[in-house]
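The residues making up each chain are set out below.
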Amino acid sequence: MLHHLSLGVADLDRASAFYDAVLAPLGYVRVWSDLRPGEADQAVGYGMPDGRDKLALKHRPDGQRPPGPGFHVAFAAPDRRAVDAFHRVALQHGGRDNGGPGLRAHYGPHYYAAFVIDPDGHAIEAVFNAAV
C-alpha cells in the first residue's frame, strides 16, 4: 500500500547518524543521500540493500514537529535479537525509551517489540511477530 514515508527532521546530520545506527540491526541501510550543506531541502533515504527507499528523512529546520499522539512508524525486525539491538543502539544515539524490548501479548502471542522516541520526537518501533 505505501511506497515510502517521509519524516521531517530539524538536524539532518544528527537524524541520519541516529537512523544509520538504529536501522542497521534490522538489516536496513541508507540507500541514497541528497546532502548539500547550507542548502534547503536536503534528505536521505533508507531501505533494503537493493536500493529502494521506504523511509526518507527530510531536513526541515524551521517548524519541524513530529505527528501527534497515535502516530508511529514500526520497522520489521528479522528476529528478537535485532529488536533488542535496535532499542539499545537507539538509546546510545540520543533516542528516549518508550517501552523496552519484550513480548506484547495484547498485540498477539508472538509480538516482540521495543519502542523509542527519536531525537526529533518521532515515535518508532521495531517488531518481530513470529513464533520463535
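Conventions used here
- Residues numbered from 1 in each chain as written.
- Predicted model: local features only at pLDDT ≥ 70, side-chain atom pairs only at ≥ 80, totals over all residues.
- Heavy atoms only, no water.
- Buried < 20%, exposed > 50% of the residue type's maximum accessible area, 1.4 Å probe, protein only.
- Helix = DSSP H or I, 4+ residues; strand = E, 2+ residues; numbered from the N terminus.
- Pairing = 2+ DSSP bridges.
- Expected span 1.5 Å × (residues − 1).
- Axes fitted to C-alpha atoms, helices over the stretch in contact; angles between N-to-C directions.

(A) Expanded view of the pairing of strand β4 (residues 53-59). The buried fraction of β4 amounts to 5 of the 7 residues, a majority that puts the element mostly inside the structure. Where strand β1 (residues 5-9) and β4 come together, 5 bridges link them in parallel fashion. Within the sheet, the bridge partner assigned to S6 lies in β4 and is A56. As judged from the 5 bridges shared by strand β3 (residues 43-47) and β4, these two strands associate in the antiparallel manner. The residue of β4 that forms the bridge with A43 is K58.

(B) Summary view of helix α1 (residues 12-23). When the terminal C-alpha atoms of α1 are compared, their 16 Å separation across 12 residues agrees well with the 16 Å that a helix rising 1.5 Å per residue should span. Buried within α1 we find L12, A15, S16, F18, Y19, A21, V22 and L23.

(C) Representation of the sheet that holds strand β2 (residues 29-34) within the structure. In space, the 4 strands of this open sheet follow the order β1-β4-β3-β2, with mixed pairing throughout. Where the open sheet ends on each side, the last strands, each with one partner, are β1 and β2. Pairwise comparison of adjacent strand axes, ignoring direction, gives a mean angle of 20° for this sheet. Bridging between β2 and β3 involves 5 bridges; their strand directions are antiparallel. In the strand pairing of β3, D34 is matched with A43.

Shape is all these values report; function is a separate question.
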